[in-house]
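Results of the structural survey
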Amino acid sequence: MSGRVIEPPDPRPDPAVRANLHRAAASWEAGRARAHELVDWETWRDRAQAIRADAVANLPELVDRLEQRVIEVGGHVHRAATAAQANAVVTEICAAAGASMVVKGKSMTTEETGLGEALAAAEITAIETDLGEYVVQQLGQRPSHILAPAVHLSAAQIAELFGRLAGHSFDPDDTRALVAYARGALRERFLEAQVGITGVNFAVAESGTLAIVESEGNVRLCSSLPRVHIAVMGIEKVVRDWAGAAHLVGMVSLAAHGKPAPASTSFVTGPARGGDDGPGELHLVLLDDGRSALRGTELESALHCIRCGACLYACPVYRQMGGHRYGSVYTGPIGAVITPALEGSGAEGSKLAELSSLCGACVEACPVKIPLDDQLVALRAAARERDPRRAEAAVFGAWSRLWSRPGGYRASAATSGRALGPLWRRALRAEPHGWAPRAPFPFAGWTAERDVRLPAARPFHRRWRERRGG
Amino acid sequence: MVEHDQPQVELFRERLEQVDGRLLETESLAAARAAARALVGEATVARWADHELDEIALIEAPAAEAEYSLIRADVAVAASGAIGFAHGTGRGRAAGILPPRQIALLAQGDLVATLEQALARLYGSGPGPSNVVFVAGPSRTSDIEQRSIRGVHAPRELDVIMFRP
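None of the values given here were measured: they were computed from a predicted structure. (Residues numbered from 1 in each chain as written. Chains lettered and ligands numbered in written order. Predicted model: local features only at pLDDT ≥ 70, side-chain atom pairs only at ≥ 80, totals over all residues.)

Broken down by element type, chain A carries 19 helices and 12 strands. Taking 23 Å as the expected radius of gyration for a compact globule of 470 residues, we find that chain A reaches 25 Å, a close match to that expectation. In terms of principal-axis extent, the alpha carbons of chain A reach across some 85 × 55 × 45 Å. Sequence-distant contacts in chain A: of pairs separated by 6 or more residues, those separated by 24 or more amount to 75%. (Helix = DSSP H or I, 4+ residues; strand = E, 2+ residues; numbered from the N terminus. Rg over C-alpha atoms; globule rule 2.2 N^0.38 Å. Contact = placed C-beta atoms within 7 Å.)

Right under this line is the structure:
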């Protein structure tokens, strides 16, 4: 059991978050259109894919080189095989620094390891400093999107929270005042923190440089003002060289927001040197926790992910459900793949692969061309091998044989509407031609997670023939 | 030479303005300094020690209290409107981020086409500076209902003053 799976998925639309998600998805769509105007998208994707494929194919060699370079420029490197090891080493560094409070930049990797809870258990308070992450932390929630943690919340909900924290009320339409409140509250924390913790977007093996992108400036503060900077990264974030890192910094911004560069990109090469007022100590924590085991499998390319969030916004299932109902740290199509993939053969998280219509919108959106739809199918197949559903397989097998012949198809389609329709309709008390939420026995189990369309009274092939005058 | 670079300058301006930054072109370092002086007026300033930034601010203040951050950009990227700068001795991180407004002086000769070229300039062959930051416009957030707001933890205003050559 790891922290990646929090609870079983709850595959139902969430009306409360749907409006917020649709607004966010529309904004992402506009960004995608801009990105396609700014660059030759397919050429950029091909190059981004090649850079990531090279990194993952040569992972052990590149991680060794990265480690060596970081040490050469004065940093400390810690390898963690598991989330628990990563949390333990971060906790030790904080304790050694005498820190009872640390500031954190947004990092999905530390969400994955459950670092916040581990630090809390050691009586160290970790303050999230990304605005959206700060909001969800103060609400006792977790992020619902890998880039926009509070995308499921409305301004009114955030205004209500800040009103409670500040002791005076906020106008939800005065976004500027809400942001100003968070800035003020967090500024004091930045100035007093002894340790800053961030993630890493890309690590350059040839120079030992950590590239970290952001919009708000909180990552710069976390990696600049405290005496100690701890950067936590999944080992797959390494890239071979500067050219690759430069391309991916542009690509992640284009794919996420349709902008040619992030608002801010920090390049960290070792601790501060000379008269620099930055951190005198830099620690890099390299997390494996299931990543190496994916190399050489059909899920290897899931490690190419640059965490841009595009597949989430593109996904019709994510847009209906929101992130929380996945029940996992990583959500949306990439979450449905990477969560069971990193968990290995354990059944934990394998239900996530069901949360897709396999429409392929995620594959089109992905800036590094991960075949997410194929991987979801592979994960479903693996889950069936572990947990065969014989009755379901027999029904589908019979159906497949019947519909493989034109005669069988025509006969069954013509009779099913007439024969089964009234039966199902009575059993379901559903609207004629409507979607039924629950099928009668013995199909009830199959409709626990999906609706079923009632058979048409007159099959399509017959109507088509009549329409063409055949 | 200058005319040859003009399309690149125009691209840089367009991209910088798209992310809510402002570009002021001047003919010389002296003119750039005068423009910076006019912008700052009598506001408090936290500055880097670069000699080009001397005698611009009337009133200097610690970074956490200053109204303006006054820095020297080392490089700029036309394709994204970003400026890049290395921290180090006399170039404090707090002074570069804490004030609400920022003015960056940039030599036109330091404008390049892409981030890759900018990084090659900054790092060359050695390990290079320990901390380099590229900013494309002011800091921003869309975390509240996708409404874009400038200025979260880093400056909310950015004026880039470019001088020739």
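After presenting the structure, the write-up continues.
A few words now on the overall build of chain B. The helix and strand inventory of chain B stands at four helices and 12 strands. On C-alpha atoms alone, chain B measures out to a radius of gyration of 15 Å, which is about the 15 Å that the 2.2 N^0.38 rule sets for 165 residues. Its C-alpha atoms give chain B principal-axis dimensions of about 45 × 40 × 35 Å. In chain B, which comprises 165 residues, the proportion classed as buried is 55%. (Buried ≥ 20, exposed ≤ 12 C-beta atoms within 10 Å, placed from the backbone.)

So, on to the nonpolar core. Membership of the largest hydrophobic core comes to 180 residues, with the highest contact counts inside it found for Leu248, Cys311 and Val337 of chain A together with Ala73, Ile83, Val160 and Ile161 of chain B. With 10 residues, helix α11 (residues 242-257) of chain A is the largest single contributor of residues to this core. When sequence neighbours within four positions are dropped, the list of residues in contact with valine 337 of chain A reads Leu299, Ala302, Leu372, Gln375, Leu376 and Leu379 of chain A. (Core = buried A, V, L, I, M, F, W, Y, C linked by C-beta atoms within 7 Å.)

Contacts between the two partners involve 53 residues from chain A, matched on the other side by 41 residues from chain B. Of all the elements, helix α9 (residues 175-192) of chain A adds the most residues to the side of chain A that touches chain B, at seven residues. Residue composition of the side of chain A that touches chain B, grouped by class: 25 nonpolar, 19 polar and nine charged. Both strand β9 (residues 264-268) of chain A and strand β9 (residues 131-135) of chain B contribute to a ladder of five bridges, which runs antiparallel. Opposite phenylalanine 267 of chain A, over in β9 of chain B, you have valine 132 of chain B as the bridge partner. (Nonpolar A, V, L, I, M, F, W, Y, C, P; charged D, E, K, R; others polar. Pairing = 2+ DSSP bridges.)

By way of backbone hydrogen bonds, the strands of a sheet pair with one another, either parallel or antiparallel. The strand order across the open sheet built from eight strands is β8(A)-β5(A)-β6(A)-β9(A)-β9(B)-β6(B)-β5(B)-β8(B), with neighbouring strands paired in mixed fashion. Each edge of the open sheet carries a strand with a single partner, namely β8 (238-239) of chain A together with β8 (111-112) of chain B. Packed onto the sheet, helix α4 (residues 115-123) of chain B meets β5 (75-77), β6 (82-86), β8 and β9 of chain B and runs at close to 165 degrees relative to β5 of chain B. (Axes fitted to C-alpha atoms, helices over the stretch in contact; angles between N-to-C directions.)

With that settled, consider helix α16 (residues 372-386) of chain A. Because an α-helix packs 3.6 residues into every turn, residues spaced three or four apart end up facing the same way. Taking 1.5 Å of rise per residue, 15 residues should cover 21 Å, and α16 of chain A covers 21 Å from first to last C-alpha, within 8% of that figure. Structurally, α16 of chain A contributes buried residues whose contacts are with α12 (310-314), α14 (332-343) and α15 (361-365) of chain A. (Expected span 1.5 Å × (residues − 1).)

Residue and element names in this part refer to chain B. Within α4, burial applies to Leu115, Glu116, Ala118, Leu119 and Tyr123. End-on, the buried residues of α4 take up no more than an arc of 160 degrees, which puts them together on one face. At the C-terminal side of α4, glycine 124 shows a positive phi close to 50 degrees. (Arc of directions from axis to C-beta.)

The next point concerns the pairing of strand β4 (residues 195-198) of chain A. All names here are of chain A. Residue alternation in β4 divides its side chains into two sets, Val195 and Ile197 and Gly196 and Thr198, and both sets are buried. In this sheet, β4 lies alongside strand β2 (residues 101-104) in parallel orientation, the contact comprising three bridges. Considered in β4, the bridge of valine 103 is made with glycine 196. Bridge count for β4 against strand β7 (residues 228-234) is four bridges, and the pairing is parallel. Residue pairing across strands places isoleucine 197 opposite isoleucine 230, the latter belonging to β7.

Residues and elements named next belong to chain A. One way to put it is that helix α2 (residues 41-57) packs onto α11 with a least axis distance of 10 Å and a crossing angle of 125 degrees. In terms of axis orientation, α2 runs oblique to α11. Classified by chirality, the crossing of α11 by α2 is left-handed. In this structure, α2 uses Trp44, Arg47, Ala48 and Ile51 to contact α11, whose residues at the interface are Gly244, His247, Leu248 and Met251. Among the residues forming the contact of α2 with α11, the class breakdown is five nonpolar, two polar and one charged. (Parallel < 35°, antiparallel > 145°, perpendicular 65-115°, else oblique. Left-handed = near helix turned anticlockwise from the far one by under 90°.)

This part covers unusual backbone geometry. Cis geometry is adopted by the peptide bond preceding proline 165 of chain B, which originates at arginine 164 of chain B and carries an omega value of 5 degrees. Relative to the elements of secondary structure, proline 165 of chain B occurs in the segment after β12 (157-163). Its identity is not glycine, yet arginine 307 of chain A carries a phi of approximately 55 degrees, on the positive side. Its place among the elements puts arginine 307 of chain A in the loop between β10 (281-287) and α12. Exposure remark for arginine 307 of chain A: the 20 C-beta atoms within 10 Å place this residue in the buried category. The phi angle at aspartate 20 of chain B is positive, at roughly 70 degrees, despite the residue not being glycine.

Moving on: the sheet that holds strand β7 (residues 101-107) of chain B. Residues and elements named next belong to chain B. The strand order across the open sheet built from six strands is β1-β12-β7-β4-β2-β3, with neighbouring strands paired in parallel fashion. What marks the edges here is a single partner per strand, and that holds for β1 (22-26) and β3 (59-60). Bridge analysis of strand β2 (residues 44-47) against strand β4 (residues 68-72) gives three bridges, and the strand direction is parallel. When the sheet's bridge partners are listed, valine 45 is paired in β4 with tyrosine 68.

With that settled, the discussion passes to the environment of isoleucine 306 of chain A. All names here are of chain A. Relative to the helices and strands, isoleucine 306 is located in the loop between β10 and α12. C-beta crowding within 10 Å serves as the criterion here: with 25 such atoms nearby, isoleucine 306 is assigned to the buried category. Taking the C-alpha atoms as reference, isoleucine 306 lies 9.3 Å from cysteine 366; in sequence the two are 60 residues apart. The residues touching isoleucine 306, leaving out its near neighbours within four places in the chain, are Leu248, Met251, Val252, Pro367 and Val368.

Attention now goes to the confidence of the model for chain B. When the pLDDT values of chain B are averaged, the result is 94; 98% of them are 70 or greater. Two summary scores accompany this predicted model of the complex, namely pTM at 0.91 and ipTM at 0.97. (pLDDT = per-residue confidence, 0-100.)

Orientation of α11 of chain A relative to α4 of chain B, taken along the N-to-C sense of each, is 135 degrees, at an axis distance of 9 Å. Classified by the angle their axes make, α11 of chain A and α4 of chain B are oblique. You can see that α11 of chain A and α4 of chain B cross each other, and the crossing is right-handed. Across the interface between the two elements, Trp242, Ala243, Ala246, Val249 and Gly250 of chain A from α11 of chain A touch Leu115, Glu116, Leu119, Ala120 and Tyr123 of chain B from α4 of chain B.

We now examine the environment of aspartate 14 of chain A. All names here are of chain A. Note that aspartate 14 resides in the segment before α1 (15-38). Separated by 317 residues in sequence, aspartate 14 and threonine 331 place their C-alpha atoms 15 Å apart. Aside from chain neighbours lying at most four places away, what touches aspartate 14 is Met321, Gly322 and Arg325.

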